[in-house]
There are 2 protein chains.
Amino acid sequence: MDLTDTAPTLEQQIALKAARALDENALRTIFTEARTANGFLDGEVTRQQLEAAVELAELGPTSANTLPVRYVFVESPEAKERLKPSLSPGNLDKTMAAPVTAIVAADLKFYENIPRTFPTRPEMANNFIGEGKDDFVKGFARDNALLQMGYFIIALRALGLDCGAMGGFDKATVDAEFFPDGRFVTLYLLNIGYADPTKTFPRLPRLAPAEIAQFV
Amino acid sequence: MDLTDTAPTLEQQIALKAARALDENALRTIFTEARTANGFLDGEVTRQQLEAAVELAELGPTSANTLPVRYVFVESPEAKERLKPSLSPGNLDKTMAAPVTAIVAADLKFYENIPRTFPTRPEMANNFIGEGKDDFVKGFARDNALLQMGYFIIALRALGLDCGAMGGFDKATVDAEFFPDGRFVTLYLLNIGYADPTKTFPRLPRLAPAEIAQFV
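Residues numbered from 1 in each chain as written. Chains lettered and ligands numbered in written order. Predicted model: local features only at pLDDT ≥ 70, side-chain atom pairs only at ≥ 80, totals over all residues. Heavy atoms only, no water.

Draft legend 1. Highlighting the overall build of chain A. The secondary structure content of chain A amounts to nine helices and five strands. Seen in sequence order, chain A has helices and strands lined up from the N terminus as α-α-α-β-α-α-β-α-α-β-α-β-α-β. Along the first, second and third principal axes, the C-alpha set of chain A runs to 70 × 50 × 40 Å. With 216 residues in all, chain A has 52% of them scored as buried. The long-range share in chain A, meaning contacts at least 24 apart out of those at least 6 apart in sequence, stands at 80%. Within the structure as shown, chain A displays about 9800 Å² of accessible surface, and the carbon and sulfur contribution to it stands at 53%. (Helix = DSSP H or I, 4+ residues; strand = E, 2+ residues; numbered from the N terminus. Buried < 20%, exposed > 50% of the residue type's maximum accessible area, 1.4 Å probe, protein only. Contact = heavy atoms within 4.5 Å. Areas by Shrake-Rupley, 256 points an atom, 1.4 Å probe, with all protein chains shown as cover.)

Printed below as a string of structure tokens:
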């Protein structure tokens, strides 16, 4: 054992970092055996579980820490009925039966939080304020909220839950019903619970790394 | 021990699913202690590592399994020089010094793969073909590629790597240099390697679950 007080070598630092890697079981949970749920067991999902997933996902990076994603967790039968008119026929029954359905949305006024979430440069909020910036602000909010939705899907899986994302619904109808003041725009719906394995579809083919990645 | 051949109870099924959850160490690696890299140690990142991350991230869900994300891994000094004119001053030095910089892009002709990636409904490709659909196709490609970039950031971390995403660059300049035929649109740049902890910024504040999630 080396008791001299020397800094770690580069090799030691890299080895420590590589040791952080997830084991096969953890990779199975979030990627290799994780599957989109198409129907759920009758098991309860608690608000504590959902808030824990929200909190984990919130740690993921966004441009200038702008954190625009917002979630409405639709749990009650009454709120599910409000969602119903927006759903496509193929998504209707499974959504009405899911323990909870998240409306994943982007806050178009995310920049109001910049003085608090980027305190070293509060003046950055001004980049998003002013005439003619609506499209830029909306695109920025959507882009970053979609990144955050990616983190959220992984966070749910990391906590042992399953989910099924859906783009097959009328976003304008959801916006009008849940966000009538226009501040939030709906991106996706996400059914959450414990997947019924008998309802999960076979995994669809993926593109190979060589088809989608190049090295230059 | 019950040796009768009975189906597992709901409680048993839920318990098995909850047992998939990641332990604290794994959660640290992908979320709670993962940080945006702002400078890197001089440790090599191999193509095998990058392809492994690409392959993991490709398993994440996209709408109708359309998988539009594409990666150009900029490794060589010559290719880094091609990237240079697009970089903002604050991102220049760290990007030129990073072991590898990924251009994360969306393939606007993702639908050509639908017969192969969604073989049960190959005719879905037609939804994306025809006059007046350019904005819809581009939005769809961008939305799903951004979700996939979220998965990719987590996949890199899961494999023990660090990354730093950057929106501070001129996307049109990157598109013109790397994608002159207009088929791909650049979304973000992502420096990848082993973070130099002395260059990592303090973690910025996050919004609390109660501020960004509601239950109805």
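Draft legend 2. Representation of the pairing of strand S4 (residues 184-193) of chain B within the structure. All names here are of chain B. Most of S4 is tucked away, with nine of its ten residues classed as buried. Of the strand pairs in this sheet, strand S2 (residues 100-107) and S4 are connected by eight bridges, and their pairing is antiparallel. Note that in S4 the partner of Thr101 across the bridge is Asn191. Relative to S4, strand S3 (residues 162-166) runs antiparallel, the two being bridged by five bridges. Counterpart to Cys163 in the pairing with S4 is Ile192. (Pairing = 2+ DSSP bridges.)

Draft legend 3. Representation of the packing of helix H7 (residues 134-158) of chain A against helix H2 (residues 24-32) of chain B in the model. Remark: H7(A) packs on H2(B), axes separated minimally by 12 Å, with the N-to-C direction vectors making an angle of 175°. With respect to each other, H7(A) and H2(B) are oriented roughly antiparallel. Residues Tyr151(A), Ile154(A), Ala155(A) and Ala158(A) of H7(A) form the contact with H2(B), whose participating residues are Leu27(B), Ile30(B) and Phe31(B). Grouping the constituent residues of the contact of H7(A) with H2(B) by class yields seven nonpolar, no polar and no charged. (Axes fitted to C-alpha atoms, helices over the stretch in contact; angles between N-to-C directions. Parallel < 35°, antiparallel > 145°, perpendicular 65-115°, else oblique. Nonpolar A, V, L, I, M, F, W, Y, C, P; charged D, E, K, R; others polar.)

Draft legend 4. Inspection of helix H7 (residues 134-158) of chain B at higher detail. An ideal rise of 1.5 Å per residue puts 36 Å on 25 residues; H7(B) measures up with 36 Å between its terminal C-alpha atoms. Within two residues after H7(B), Gly160(B) carries a phi angle of roughly 90°, on the positive side. (Expected span 1.5 Å × (residues − 1).)

Draft legend 5. How the structure looks around the confidence of the model for chain A. Across chain A, the average pLDDT comes to 96, with 98% of residues at 70 or higher. Across the whole predicted complex the pTM is 0.97, and at the interface the ipTM reaches 0.97. (pLDDT = per-residue confidence, 0-100.)

Draft legend 6. View of the side chain of Thr29(B). One can find Thr29(B) in helix H2. Within polar-contact distance, the side chain of Thr29(B) engages the backbone oxygen of Arg20(A) at 2.7 Å. With sequence-adjacent residues up to four places away left out, Thr29(B) is seen in contact with Arg20(A), Leu22(A), Ala34(B), Arg157(B) and Ala158(B). (Polar contact = N/O pair within 3.5 Å; in protein donor to acceptor, adjacent residues only side chain to side chain.)

Draft legend 7. Highlighting the sheet that holds strand S5 (residues 213-215) of chain A. Strand order in the open sheet formed by five strands is S5(A)-S1(B)-S2(B)-S4(B)-S3(B), and the pairing between neighbours is mixed. Pairing within the sheet leaves two strands with one partner each, and these edge strands are S5 of chain A together with S3 of chain B. Sheet twist, expressed as the average angle between the axes of neighbouring strands with direction ignored, equals 25°. Both strand S1 (residues 69-74) of chain B and S2(B) contribute to a ladder of six bridges, which runs antiparallel. Considered in S2(B), the bridge of Phe73(B) is made with Ala102(B). Sheet strands touched by helix H3 (residues 47-58) of chain B: S5 of chain A together with S1, S2 and S4 of chain B. Its angle to S1(B), the strand with the most contacts, is close to 165°.

Draft legend 8. The interface of chain A and chain B, seen in detail. At the interface, 80 residues of chain A touch 80 residues of chain B. The contact between chain A and chain B buries some 7400 Å² in all, and 67% of this surface belongs to carbon and sulfur atoms. It is Phe31(A), Phe215(A) and Val216(A) that lose the most area in chain A upon contact with chain B, and together they represent 11% of the buried surface on that side. At the boundary of chain A with chain B, the tally comes to eight salt bridges. Counting across the interface, chain A meets chain B through 43 residue pairs in polar contact (both at pLDDT 80 or more). It is H7(A) that contributes the most residues to the side of chain A that touches chain B, 13 residues altogether. Looking at the side of chain A that touches chain B, its residues break down into 47 nonpolar, 15 polar and 18 charged. (Buried area = accessible area lost by both parts, 1.4 Å probe. Salt bridge = Lys/Arg side-chain N within 4 Å of Asp/Glu carboxyl O.)

Draft legend 9. Representation of the relation of the copies chain A and chain B in the model. Here chain A sits on chain B after a turn of 180° about the axis and a move of 0.0 Å along it, with an RMSD of 0.0 Å. Classification of the inter-copy transformation places it as that of a two-fold axis. By C-alpha distance to the rotation axis, the residue of chain A lying nearest is Gly150(A), at 2.3 Å. A high fraction, 100%, of the interface residues of chain A reappear at the interface in chain B, so the copies pair face to face through one surface. (Least-squares fit on C-alpha atoms with pLDDT ≥ 70 in both.)

Draft legend 10. Just the pattern of salt bridges, in detail. Residues and elements named next belong to chain A. Scanning all chains against the criterion turns up 24 salt bridges over all chains. Across the pair Arg28 and Glu33 runs a salt bridge whose closest N-O atoms are separated by 3.6 Å. What makes Arg28 partly exposed here is its relative accessible area of 32%. Overall, the relative accessible area of 56% leaves Glu33 in the exposed class. Through salt bridges that share partners, Arg70, Asp107, Glu112 and Arg183 make up one connected network.

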